[in-house]
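Read off the chains here:
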Amino acid sequence: MNTIAERIYDYLKAFPPFSFLNRDQLFTISQAVDVIYLEKDNYLFEIGTLVENHFYVVREGAIGLFRATNHLADQCDEGDIFGLRALLRKGNYQLSAKAIEESIVYSISSELLETYITSNKAASQFLMTSFVANNSVKKIEDDEFIETLNRATEYTYLQTIDYSKNPVTCTPNTSVRVAAKIMTEKRVGSIVIIENENPIGIITDKDLRTKIATGEHSIDTTVFTIMSSPVITYPETITVAEAQIAMLKNKITHLCITKDGTNTSNLTGILSEHDIIVLRENNASSLVKEIKRSDAVEQLKDIRKRTETLLAKYLAQDIPIDFVSKLVAAINDAITQRIIEFALAKMDTKPPVKFAWLAIGSQGREEQLLMTDQDNALVFEDVATDLYEATKSYFLKLSEMINKSLEMVGFELCPAQMMSNNPKWCNSVSEWSQQFSRWISMPDQDNLMLCTIFFDYAQVYGDATLVQQLSEHIFKSIEAYDIFLTYLGRNALQNPPPLSFFRQFLVEDDGAHKDEFDIKARAMMPLVDAARLLILSHNIKSINNTLERYEKLAELEPQNKDTYLFCMEAYKNLLRFRTHHGLANGNSGRFIDLAALTKRERLRLKRSFKAIKEIQELIKVRFKLSQLL
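It should be emphasised that the depicted structure is a prediction, and the values quoted were computed from it without experimental measurement.

(A) Just helix 2 (residues 23–32), in detail. Turning to helix 2, its buried residues are Q25, L26, F27, I29 and S30. Against helix 1 (3–12), strand 8 (103–109) and helix 4 (110–117) lie the buried residues of helix 2. Between the side-chain oxygen at the start of helix 2 and the backbone nitrogen of D24 there is a gap of 3.1 Å, and the oxygen is on N22.

Right, here's the structure in full:
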């Protein structure tokens, strides 16, 4: 092997899908790679030009993929693959590839792709995962957010796919002219030729172009003459992954779905590449990409609505609720970050000092699955006394714009004004520290309530060191006033298991939700409050999520592991139940009409309440609260 090929080999082996190939396979590819040098602003290919028989890997520099409007659709950095979708689709390029900086690109032929990559199961699956997600294929990084999105892609990749249940068909003796008319009338790009209800062939728009329009066959010939046969068939349970791989390997754009997956059973549907593209455009990864590329709040509103559709789909597929909640939290954070960028751009000047935007409450815990009201706060760097008023005014004005935009997206304004546009919740580091000290040293009912809200915070945007300073201050204050945890413990017992003496659900006595069950206040918050209290007692700063708190507690206290795992399962059950209920009724899912529940649902809820009883008994003993109650 020559030196250049050796260097290419050493480089590619660090990146999937090449890392899945064996030594000989990758050597062969490395020897055949063309190395392309591009100066800044040089084009590799442009929109409308014929797709080359290659795909590309960025070796050095950065390649931008631009739309016709010259809008940057994606940026490919070192190790990223691009041009693959166009290679598989054929035709003309729909994006232009231009060097954003001086770049070196490896060009790899489609023959090498088919011979060594798509034939390798692991490499092919990795490629398809990225393909479905429309992600650039990057070197794997240890980043929680990327991991969440990658997991979302994996779930998308493994889910079954919706396909047309009413395929357009004709018999073998039908003329091409008649078949073309049927396709036009039905507005479809393919027609399946059937015999005894079994698929024996298919004609697509491409066949009409290449076989009829070219004069190769008469338009009055039978469809049997020009059809592609045999058809590729799959059962009704086909997954996105299977569909993508099948289309890639067979170089086709349509799959026939049959009763048993063979071509000797009845046709039940047709699956096209378009169906997969539609699915791809509505997965979590593509939504986050869309958020980053958005130009207006109206676009974000549409994306957040589609998130609810995605949420319903994930719940229907029984995907773990802890994963789903993290995914939605990631989307919510991305929307908030984009809104903050919009707001900053509208301000007359840049921020006078460093600041951080905090999500508090359920979003701070990454548990805000549905569109509930917003809870947030802002912290800014300490400034000299003479600069304070101007600095605070700046951030209040910024917060006002952000809160209004979040409302436009669908996050209602908080009725209790727990938002950063409230001067009480837009403070310097010192002010927040003093506030936390006061709440901790004077734990009356109001201050304890504020602690339960503001102790669950997460930095969404801005300077992380400011948030770190706050966390350190809170834990120092608790350490200096350790009886605070006892008060917090007593507060955590304010909501006992929501069953009456006769084991009936406790419901609202009056108000708009009279006789309804408040699943948030009566069932979920007791578990949230308990987890917060216990994790604080272990001086753990970095975990806000309720399920992760119980998981950590199970690790720290093996003697109570069963109780904590029980609480985890109960909380997952309640979270899923509330989300289902909210989606079904188009609301927050907080208040539940018990008459609408099945007996099984009631029993499942009651079982969750046992976890509340167990964890509250543990708290009573741990903090010696029996005599105080």
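Next comes the rest of the description.
(B) Structural view of a negative patch on the surface. Taken together, E39, E78, E101 and E102 make up a surface patch of like negative charges. For E101, the location among the structural elements is in the loop between strand 7 (96–99) and strand 8.

(C) Fine view of the pattern of salt bridges. The final tally for this structure, using the stated rule, is 24 salt bridges. The closest approach of N and O atoms between D456 and R549, which form a salt bridge, is 3.0 Å. Highlighted residues: D456 in the loop between helix 17 (445–454) and strand 18 (457–462) and R549 in helix 21 (residues 546–556), separated in sequence by 93 residues. Within this structure, R365, E367, D456, D529, R532 and R549 form a network of salt bridges that share partners.

(D) Structural detail: the packing of helix 20 (residues 519–537) against helix 21. Taken N-terminus to C-terminus, the directions of helix 20 and helix 21 make an angle of 50°; their axes are 9 Å apart at the nearest point. Classified by the angle their axes make, helix 20 and helix 21 are oblique. Remark: the crossing between helix 20 and helix 21 carries left-handed chirality. Within the contact between the two elements, helix 20 uses L527, V528, A530, A531, R532, L534 and I535 and helix 21 uses T546, R549, Y550, K552 and L553. Considering only residue class, the contact of helix 20 with helix 21 consists of eight nonpolar, one polar and three charged.

(E) Main features of the confidence of the model for the protein. Averaged over all residues, the pLDDT of the protein is 86; the fraction at 70 or higher stands at 90%. Between residues 132–143, whose pLDDT stays under 50, and residues either more than four places distant or in other chains, the model counts 38 contacts.

(F) Structural view of the nonpolar core. With 117 residues, the main nonpolar core has F454, L527 and Y550 as its most contacted residues. At 13 residues, helix 14 (residues 321–346) tops the list of elements feeding residues into this core. Apart from residues no more than four positions distant in its own chain, F454 is found in contact with I360, A377, M418, W425, W432, F436 and W439.

(G) Broad picture of the packing of helix 20 against helix 22 (residues 561–585). Where helix 20 meets helix 22, the closest approach of the two axes is 11 Å, and the angle between their N-to-C directions is 145°. Helix 20 and helix 22 meet at a crossing whose hand is left-handed. Contacts between helix 20 and helix 22 involve I519, K520, A523, M524, L527, V528 and L534 from the former and Y564, C567, A570, Y571, L574, L575, F577 and R578 from the latter. Looking at side-chain class alone, the contact of helix 20 with helix 22 contains 13 nonpolar, no polar and two charged residues.

(H) Region of the structure containing the sheet that holds strand 14 (residues 267–272). The mixed open sheet is built from three strands, whose spatial order is 12-13-14. Each edge of the open sheet is held by one strand with a lone partner, namely strand 12 (233–234) and strand 14. Sheet topology places strand 13 (residues 254–258) next to strand 14; five bridges connect them, and they run antiparallel. Each residue of the ladder has a partner; that of C256, found in strand 14, is I270.

What counts as what
- Residues numbered from 1 in each chain as written.
- Predicted model: local features only at pLDDT ≥ 70, side-chain atom pairs only at ≥ 80, totals over all residues.
- Heavy atoms only, no water.
- Buried < 20%, exposed > 50% of the residue type's maximum accessible area, 1.4 Å probe, protein only.
- Helix = DSSP H or I, 4+ residues; strand = E, 2+ residues; numbered from the N terminus.
- Contact = heavy atoms within 4.5 Å.
- Polar contact = N/O pair within 3.5 Å; in protein donor to acceptor, adjacent residues only side chain to side chain.
- Patch = residues over 30% accessible without salt bridge, like charges linked within 9 Å, V, L, I, M, F, W, Y side chains within 5 Å.
- Areas by Shrake-Rupley, 256 points an atom, 1.4 Å probe, with all protein chains shown as cover.
- Salt bridge = Lys/Arg side-chain N within 4 Å of Asp/Glu carboxyl O.
- Lys, Arg positive; Asp, Glu negative; His and termini not counted.
- Charge placed at Lys NZ, Arg CZ, Asp CG, Glu CD.
- Axes fitted to C-alpha atoms, helices over the stretch in contact; angles between N-to-C directions.
- Parallel < 35°, antiparallel > 145°, perpendicular 65-115°, else oblique.
- Left-handed = near helix turned anticlockwise from the far one by under 90°.
- Nonpolar A, V, L, I, M, F, W, Y, C, P; charged D, E, K, R; others polar.
- pLDDT = per-residue confidence, 0-100.
- Core = buried A, V, L, I, M, F, W, Y, C linked by side-chain atoms within 4.5 Å.
- Pairing = 2+ DSSP bridges.

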